[in-house]
Structure formats: C-alpha cells, structure tokens
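Here's the letter readout for the chains.
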Amino acid sequence: MKVKSILFARNRLFILDQTSLPQKEKFVEITSIKEAYSALKKLKVRGAPLIGVFAAYALYVSVKNIADSKKLLKKLKSNASLLKAARPTAVNLFWAIERMLETATKVSGSAPEIKKALLQEAKSIHLQDQKLCENIARFGVRLISKKDAILTHCNTGFLATAGIGTALGVIYRAFDKYGDIKVYVDETRPLLQGARLTAWELKKYGVPAVLISDNMAGFLMQKKKINKIIVGADRITKKGDVANKIGTYSLAVLARYHRIPFYVAAPFSSFDLNLKKGEDIPIEQRKEEEVKMVLGKCPLAPSGIEVWNPAFDVTPASLISAIITDRGIIYPPLGRNIRKIINPHTS
Ligand code: MRU
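Per chain, the residues get numbers from 1 upward, laid out in the order the sequence is written. The predicted nature of this model means local features are confined to residues of pLDDT at least 70 and side-chain atom pairs, given and counted, to a pLDDT of 80 or more, with totals for whole chains, interfaces and linings taken over all residues. Excluding hydrogens and water, the side-chain figures rest on all heavy atoms present in the structure.

Peer 1: Could you clarify how one ought to interpret the pattern of salt bridges in this entry?
Peer 2: Should the charged atoms of two oppositely charged side chains come close, the side chains can pair. Any Lys or Arg side-chain nitrogen found within 4 Å of a carboxyl oxygen on Asp or Glu counts as a salt bridge. Applying the stated criterion across every chain yields a total of 17 salt bridges. One salt bridge connects lysine 147 with aspartate 180, and the closest N-O pair in it is separated by 2.9 Å. On the criterion of sequence distance, the pair formed by lysine 147 in the loop between helix 5 (111-140) and strand 4 (149-152) and aspartate 180 in the loop between helix 6 (167-178) and strand 5 (182-186) is long-range, its members being 33 residues apart. Any residue under 20% of the maximum accessible area for its type is buried, any over 50% is exposed, and the rest in between are partly exposed; the area is computed with a 1.4 Å probe on protein chains only. Note on aspartate 180: relative accessible area 28%, which makes it partly exposed. Linking arginine 235 and aspartate 272 is a salt bridge whose minimum nitrogen-to-oxygen distance equals 2.6 Å. Here the residue arginine 235 occupies a position in strand 8 (residues 235-237), and aspartate 272 occupies one in strand 11 (residues 271-272), the gap between them amounting to 37 residues. Every helix listed is a DSSP run of H or I at least four residues long, and every strand listed is a run of E at least two residues long, numbered separately from the N terminus.

Have a look at this one:
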C-alpha cells in the first residue's frame, strides 16, 4: 500500500489536501505562488520533508510561464522569500528552496534553460526524499523487535514525506518484517495530525493501531503498554536538540522517567548545523482559534481568553536515546556523533 501525498504530472503540481482527511481523499492543483503559500500555511501540505519537496515544485510552477530570464530570476527570489515565511521551523523547507535558488543562479542561460534546470532539481529533490525515507527505515528497523509496542506523535509517514515516511517509515518496514507490532497514536492537538492522518495511514497499511488523546501518554507508559517511542523532527541542531510537533518534549520527559527508549527519525536535510542549540530554533506560533476550537468548529473556550499556540517544541539532546538518519543511527553523545555522520556539504 502506498499513499501519494504529492504528484507532478504533465507539467502540473497536485497535492493531496490533508485538511480533508480522513473524510475525503481529494487532490488539488497548485497553480500560483499564492496558492502554494496558502497550502503551506493551512497545512493542506505539511510534514518537514514534504514541504521541502512541495516548495521546490511550487517555485518552478510559479515561474514556468515567465519568458524573460531577468524577470524570472527576480520573481523566483521573491517567491522563495514568501514560501520561506510560511513555516519558519522545518529546515527542510529552507534547504530545498536554497537548492532551487542555487540551481537558478548556476545556469546563467536563457529562461527556458533556467526553467529546465529548476524542474530537474525539483524532481531530484522529490526522488531523493523517497530514497532517504527507505534508508532511514532500513537503519531504524534494527532498533525494533517482534511484539514491540511503539508510541508515535503527529504524522511522519506517507503524508509527511514524498516516500514511506521517517518515524512511520521505520514502523512500516518493521511491520513488513515482523508482522506483529502494535502502534499507539497520540491524537496530537490542536490540529490532530495523529488522529486524522497517522491513524488513517496505519489503518490503510494494516498496522494494528490504538488512538489515544495526548494526555493519556503518561498513564500508557506507567501501565507498561509501550516499550518504545519514535517521533520525527522539523529541525535538529548541532548539539542534537530536536524541534518537533508540540507535545514531543512532554513525551521525552515521560519516557526518561519510565526508562523507555526515545528515538527520533529524520533525514540529513532536517539537520541545521548552523544552529548550535535548541533555543536558537525559530518556533512557529499559530492562530489562537486552533486551540479555542476543534478544527475551526465547536468553540471550546470563552471569547477573550488568552491563548499560547506554539506549533513545535524542542526536546534537548540529553533526552534522546538515538537519532535514526538515512546515513546511520546516531547515538549519544549526539553533538560529537552528529558531526561525524552528517556532513553539511553534501546534499
Ligand atoms: O505542523 P506539521 O504537521 O507540519 O508538523 C509535522 C511534524 O511535526 C512532524 O513530526 C515532522 O515534520 C516530521 S515529518 C517526517
């Protein structure tokens, strides 16, 4: 079973609209930079690796009808800045956009030549992400045993990447290998990526899954219902501190108390070696309605109540048992070992 989260066909870009899931499986076309920005902002397309792939294609689409090379380069730059501003935390977005900008400046040719190179680069980012996912899974499976019960948070699978996923990719390949593993899924308030997306994916794949609300995780651990936790990442610093969906840090603290291994799975493109520590990671703040309502409906709180809505939190390296990457498993001390495995100059 494979779910396609993004599609580029006949020179047109389509995404599976994740805000319609699990009720409707609907592809929407992205034809302009405005639509691309809005799709990112509204989380129609989401997940760190996928938004990188998406931004690459969206940049190409946004300039594909421009005939003058100077105009094209100018537009490309301003469109790149706009897309970067849509989601500040996941570094994969910046990584992919920078690759597209570099490609355009390297081709000092006519507009058709620049466009050809841009499309080629977007396709190569797309293909690369699929391979990165498979490699993460190949390494990650080594940490999983028959009958494991694994807790995961947010969505890190087919819907968050262009391939089988990061944390969920490990789970899928472990399921392929052992058959009997069980997954507990955090609902992941406020936008419910766990309940809406991960539960949907796991069901489609046939992996036994149990949905819990976020505040049940501590009791779940106390009752010894899980023996491993695997999550994804939006940005990993030089020191090994990890930004991921809000709620990840709480799980890591609980895991330490209950002596449960806490793993992070991410491709090399999620590492930001320019940032030393977690405090340096920009954290996206989102609208208060997301907390005051359930997906834009069912008002939960009195109007006028103050809301704090960070989309991500930072888990310090000291709470992480290992980071599973496409280049191998990085064990503590993370700071030292990240430097050995992740080379900032290779893409
Ligand atoms: O706000 P989202 O849904 O884009 O957040 C996604 C996450 O936090 C994922 O865990 C992370 O991007 C890794 S996806 C492989």
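Peer 1: How do you make sense of the sheet that holds strand 1 (residues 6-9) when you look at a structure like this?
Peer 2: Strand pairing in a sheet takes place through backbone hydrogen bonds and is either antiparallel or parallel in direction. By the convention used here, strands pair only if DSSP detects at least 2 bridges between them. In spatial order, the strands read 1-2-3; together these three strands make up an open sheet with antiparallel pairing. The open sheet has two free edges, formed respectively by strand 1 and strand 3 (27-30), since each of these has just one partner strand. Sheet twist, expressed as the average angle between the axes of neighbouring strands with direction ignored, equals 30°. Here strand 1 pairs with strand 2 (residues 12-16) via four bridges, running antiparallel. Counterpart to leucine 7 in the pairing with strand 2 is phenylalanine 14. Packing against the sheet, helix 2 (residues 48-63) makes contact with strand 1, strand 2 and strand 3, and its axis sits at approximately 30° to strand 1. Whenever a helix is involved, its axis is fitted only over the stretch in contact; in every case the axis is a line through C-alpha atoms, and angles between N-to-C directions fall within 0 to 180 degrees. What makes two residues a contact is simply this: any of their non-hydrogen atoms within 4.5 Å.

Peer 1: I keep staring at a positive patch on the surface and nothing clicks. Help me out?
Peer 2: Residues Lys238, Lys276, Arg336, Arg339 and Lys340 make up a contiguous surface patch of positive charge. Tracing the sequence through the fold places lysine 276 in the loop between strand 11 and helix 10 (289-292). Exposure remark for lysine 276: the relative accessible area of 60% places this residue in the exposed category. The patches reported here contain residues having more than 30% relative accessible area and no salt bridge. Joining distances are 9 Å for like charges and 5 Å for nonpolar side chains (Val, Leu, Ile, Met, Phe, Trp, Tyr). We get accessible surface area from the Shrake-Rupley algorithm with a probe of 1.4 Å; when it comes to residues, only the shown protein chains can shield them. Note that His is not counted, nor are the chain ends; the positive residues are Lys and Arg, and the negative ones are Asp and Glu. The atoms used to mark charge sites are NZ of Lys, CZ of Arg, CG of Asp and CD of Glu.

Peer 1: Hey, could you run me through the side chain of threonine 152 in this one?
Peer 2: Tracing the chain through its elements places threonine 152 in strand 4. Polar contacts involving the side chain of threonine 152 include one to the main-chain carbonyl oxygen of isoleucine 230, which spans 2.8 Å. Not counting residues up to four positions away in its chain, the partners in contact with threonine 152 are Ala167, Leu168, Ile171, Val183, Tyr184, Val185, Asp186, Thr198, Ile230 and Val231. In the analysis that follows, any N or O atom pair within 3.5 Å is treated as a polar contact, provided that within protein one partner can donate a hydrogen and the other can accept it, and provided that, for residues neighboring in sequence, both atoms belong to side chains.

Peer 1: I keep staring at the site of the ligand and nothing clicks. Help me out?
Peer 2: The rule for a residue being near a molecule or strand is that one of its heavy atoms must lie within 4 Å of it. Taken together, 18 residues lie near the ligand, and Arg46, Arg87, Asp234, Asn244 and Lys245 sit nearest. One of the backbone N or O atoms of glycine 47 is found 3.0 Å from an oxygen atom in the ligand. In this structure, lysine 245 approaches the ligand through a side-chain N or O atom, which is 2.8 Å from an oxygen atom. Mapped onto the shell around the ligand, the elements with two or more residues apiece are helix 2 and strand 9 (242-245). Basically, the charged four are Asp, Glu, Lys and Arg, the nonpolar ten are Ala, Val, Leu, Ile, Met, Phe, Trp, Tyr, Cys and Pro, and anything else, Gly included, counts as polar. Among the residues making up the shell around the ligand, the classes are represented as seven nonpolar, seven polar and four charged.

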